[in-house]
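Remarks on the overall topology
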Amino acid sequence: MPIQTYTLLFVLVSLPVNIAGDTEDQNAFDATTLLTNAVELTRGSSSHAEIEMTIHRPEWTRSSSFETWTQGLDKALIRFITPPRDAGNATLKNGDRMWTYSPKVRRTIRLPSSMMSQNWAGSDFSYSDLSQSDEILTQYSHEIISTRVEENYKIYTIEATPKENSPVVWGKEVLDIRADYIILKHSFFDQSRELVKTIQTLEIAELGGRTMPIRMRVSSKDEPEKWTEIRYEKAEFDIEIDDNKFSLFSLRSSN
């Protein structure tokens, strides 16, 4: 796969503040609080989800499915279920380290941080998108640059710019976040501040006891006819997950 993300993959409560459609109660929220709660919306303290992914190209379309497990903002395991040729392929993130595993060749590869922005599993999502990294919270400064109201919800546009000497790829990221913490759009800009790609929320529904984005599409500015969608089929949050789930042993396991 999001899928972180937004995510990938890519990736969407027990939140520290109230979630409601009453936007007037949320005017005082600062940019970092909004962004933190938006990231936590599809993770909670822990999560498990089943996700369908569709990769579209002008010449072909390919579908697959995978499971994800997360714990906090720094642990994630993604394992493919279908198609059969990909079943068992897995990606593990634990802290700032990431590995991939292929059961066909029984090979585990440690990914350097420089590869986090590269495409994951042939999709348009990056490894960072699908791991739902907390990088945007820790390595960026945040500012609300505009607000608007749509369908009785206040929409906040937040600009995230890298802190000095932050080891990040993007020159800036811009997010449209609804007052109930749903990320409607996430745009990525290069170091020249030119738009590179966008993750757009296409469908919102209740899943796992919370309202969240359940279908998202990522596409590039230069090749909009090429895109990848992820759709959450099942999700549960704030569940018990053994720490061993996020180990190299678990990465190589089929369970």
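Predicted model, so just to flag it, every value in this text is computed and none were measured.

1. Concerning the overall build of the protein chain
The number of helices and strands found in the protein chain is 4 helices and 13 strands. The buried share of the protein chain, reckoned over its 255 residues, is 51%. Put simply, the protein chain shows about 11900 Å² of open surface, and 44% of that area lies on carbon and sulfur atoms.

2. Description of helix 1 (residues 31–41)
Those residues of helix 1 not exposed but buried are A31, L34, L35, N37, A38, V39 and L41. With a side-chain oxygen lying 3.3 Å from the backbone nitrogen of T32, the N-terminal cap of helix 1 falls on D30.

3. Here we look at the nonpolar core
By size, the foremost hydrophobic cluster in this structure holds 45 residues, and its most contacted members are M53, F66, W120, I136, I177, M212 and Y232. Top contributing element to this core by residue count: helix 1, with 6 residues. When near neighbours in sequence (up to four residues on either side) are disregarded, I136 contacts L35, V39, H142, A160, E173, L175 and H186. Formed by 9 residues, the second largest nonpolar core is a distinct cluster that contains A90, Y101, I241 and F246.

4. Examining the pairing of strand 4 (residues 90–94)
With respect to burial, strand 4 is a largely interior element, 5 of its 5 residues being buried. Here strand 4 shows no split at all, with A90, L92 and N94 on one side and T91 and K93 on the other all buried. Two elements, strand 3 (residues 75–82) and strand 4, share 5 bridges in a ladder whose sense is antiparallel. The partner of K75 across the bridge, within strand 4, is N94. Of the strand pairs in this sheet, strand 4 and strand 5 (residues 97–102) are connected by 5 bridges, and their pairing is antiparallel. When the sheet's bridge partners are listed, T91 is paired in strand 5 with T100. Hairpin connection, strand 4 to strand 5: the antiparallel pair is bridged by 2 residues, and G95 has positive phi, about 70°.

What counts as what
- Residues numbered from 1 in each chain as written.
- Predicted model: local features only at pLDDT ≥ 70, side-chain atom pairs only at ≥ 80, totals over all residues.
- Heavy atoms only, no water.
- Helix = DSSP H or I, 4+ residues; strand = E, 2+ residues; numbered from the N terminus.
- Buried < 20%, exposed > 50% of the residue type's maximum accessible area, 1.4 Å probe, protein only.
- Areas by Shrake-Rupley, 256 points an atom, 1.4 Å probe, with all protein chains shown as cover.
- Polar contact = N/O pair within 3.5 Å; in protein donor to acceptor, adjacent residues only side chain to side chain.
- Core = buried A, V, L, I, M, F, W, Y, C linked by side-chain atoms within 4.5 Å.
- Contact = heavy atoms within 4.5 Å.
- Pairing = 2+ DSSP bridges.

The quantities given are spatial measurements derived from coordinates; they are silent on function.
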